[in-house]
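# Fold and geometry: a report
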Amino acid sequence: MGRNRFFHPFLSSSRQLGPLEQRLLDRLWTRGSATVREFLEDGCQDLAYTTVMTTLDRLFKKGLLTRMEEGRAFRYAARYSREEMHREAAGHAFRQLLDASPASTLPLSFLVEILGERDAQLLDDLRKLVERKRRELGQREIGQREPGQKETK
């Protein structure tokens, strides 16, 4: 459950971001925070006040925004950075891909193929990430052994 801490419920098909939600979230990442009125004054003049208010409220209820009372309005801010959102979305997609295939090597072979088509450097980056993860897992395994217990191979 820990690996899905941000977006497991969010990424279900009924909770994906629509274009307006994405637009407002992008604006918050750029600005930091804003009220509905500030959205309307700064680039969202084509939208009705109630449209912006309702959309921000939906994003808040999805757990993607925080809000604080400011007078009679709310000031909204993104709960997660753009990078955190992309990381979790990519992780969710990879987990679905691995879960959908009876042989986990199949999606992995597609990943390697796609990376090779895009840029050979990405394959080197993947190798480094795999090596780092192996070292991390090895350190964790050493820390979990009982005192005096030796490594088995």
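Residues numbered from 1 in each chain as written. Predicted model: local features only at pLDDT ≥ 70, side-chain atom pairs only at ≥ 80, totals over all residues. Heavy atoms only, no water.

### Considerations on the pairing of strand 2 (residues 65–70)
Under the convention used in this document: One bridge is not enough; two strands pair if DSSP finds at least two bridges between them. Runs of H or I in DSSP of at least four residues are treated as helices and runs of E of at least two as strands, each being numbered from the N terminus.
As paired strands, strand 2 and strand 3 (residues 73–78) are joined by six bridges and run antiparallel to one another. The residue bridging methionine 68 from the neighbouring strand is arginine 75, located in strand 3.

### Topic: the packing of aromatic side chains
Quick reminder of the rule: Each pair of aromatic rings taken from Phe, Tyr and Trp, with Trp reduced to its six-membered ring, is defined by centres within 6.5 Å and is described as stacked if the planes are under 30 degrees apart, edge-to-face if over 60, and tilted in the remaining cases. Consider the ring centre and the ring normal. A charge sits over the ring if Lys NZ or Arg CZ is within 6 Å of that centre and within 35 degrees of that normal.
In the structure shown here, the tally under the stated rule is one aromatic pair. Lying across the ring of phenylalanine 60, arginine 67 places its NZ or CZ 3.9 Å from the centre. Over the ring of phenylalanine 74 we find arginine 67, and its NZ or CZ is 4.2 Å from the ring centre.

### Topic: helix 1 (residues 19–31)
Applicable threshold: To estimate how far a helix should extend, the number of its residues minus one is multiplied by 1.5 Å. Think of it in three bands: with a 1.4 Å probe and only protein chains considered, a residue is buried below 20% of the maximum accessible area for its type, exposed above 50%, and partly exposed in between. Note: the arc covers the axis-to-C-beta directions of the helix. Contact criterion: two residues are considered in contact whenever any of their non-hydrogen atoms come within 4.5 Å of each other.
Helix length check: helix 1 (13 residues) gives 18 Å between terminal C-alpha atoms against 18 Å at 1.5 Å per residue, within 8%. Among the residues of helix 1, Glu21, Leu24, Leu25, Leu28 and Trp29 are the ones counted as buried. Taken around the axis of helix 1, the buried residues stretch over an arc of 145°, which confines them to a single face. Residues of helix 1 that are exposed and angled more than 90 degrees away from the buried face: Pro19 and Thr30. Against strand 1 (33–34), helix 2 (36–41), helix 3 (49–61), strand 2, strand 3 and helix 4 (82–100) lie the buried residues of helix 1.

### Quick notes on the nonpolar core
Rule in force here: Within this scheme, the nonpolar core is defined by two criteria: the residues are buried Ala, Val, Leu, Ile, Met, Phe, Trp, Tyr or Cys, and they are joined through side-chain atoms within 4.5 Å.
Ranked by size, the top nonpolar core spans 18 residues in total, and within it Leu24, Leu28, Phe39, Val52, Leu56, Leu65 and Met85 carry the most contacts. Elements that contribute at least two residues to this core include exactly helix 1, helix 2 and helix 3. The leading source of residues in this core is helix 1, at four residues. In this structure leucine 65 touches Leu25, Leu28, Leu56, Leu59, Phe60, Tyr76, Ala77, Ala78 and Arg79, once residues within four positions along its chain are discounted.

### Focus: the side chain of glutamate 21
Condition: For this analysis, a polar contact is any N or O atom pair within 3.5 Å, provided that within protein one partner can donate a hydrogen and the other can accept it, and provided that sequence-adjacent residues contribute only side-chain to side-chain pairs.
Position of glutamate 21 relative to the elements: it lies in helix 1. A polar contact is formed between the side chain of glutamate 21 and the side chain of lysine 62, at a distance of 3.0 Å. Sequence-distant contacts of glutamate 21, that is, excluding residues within four places in its chain, are made with Gln16, Thr55, Arg58, Leu59 and Lys62.

### A look at the confidence of the model for the protein
Here is the rule we go by: For every residue, the pLDDT score states the predictor's confidence, bounded by 0 at the bottom and 100 at the top.
In the predicted model, the protein carries a mean pLDDT of 81, and 83% of its residues have values of at least 70. Within the protein, strand 3 carries the highest mean pLDDT (95), whereas helix 5 (residues 105–118) carries the lowest (82). Contacts for the low-pLDDT stretch residues 1–14, under 50 throughout, to residues beyond four places or in other chains number 24 contacts.

### Details of the environment of glutamate 21
Judged by its relative accessible area of 3%, glutamate 21 falls in the buried class. The sequence separation of glutamate 21 and leucine 59 amounts to 38 residues, and the corresponding C-alpha distance is 7.0 Å. Only 2.7 Å separates the side chain of glutamate 21 from the backbone nitrogen of glycine 18, close enough to count as a polar contact.

### Some details on the sheet that holds strand 3
Heads up, the condition is: Fitted lines through C-alpha atoms give the axes, limited to the stretch in contact for helices. The angle between two N-to-C directions lies from 0 to 180 degrees.
The strand order across the open sheet formed by three strands is 1-3-2, and the pairing between neighbours is antiparallel. With one partner strand each, in any of the chains shown, strand 1 and strand 2 form the two edges of the open sheet. Against the sheet, helix 1 contacts strand 1, strand 2 and strand 3, and its axis sits at roughly 85° relative to strand 3. Sitting on the sheet, helix 3 is in contact with strand 2 and strand 3, with an inclination near 120° to strand 2.

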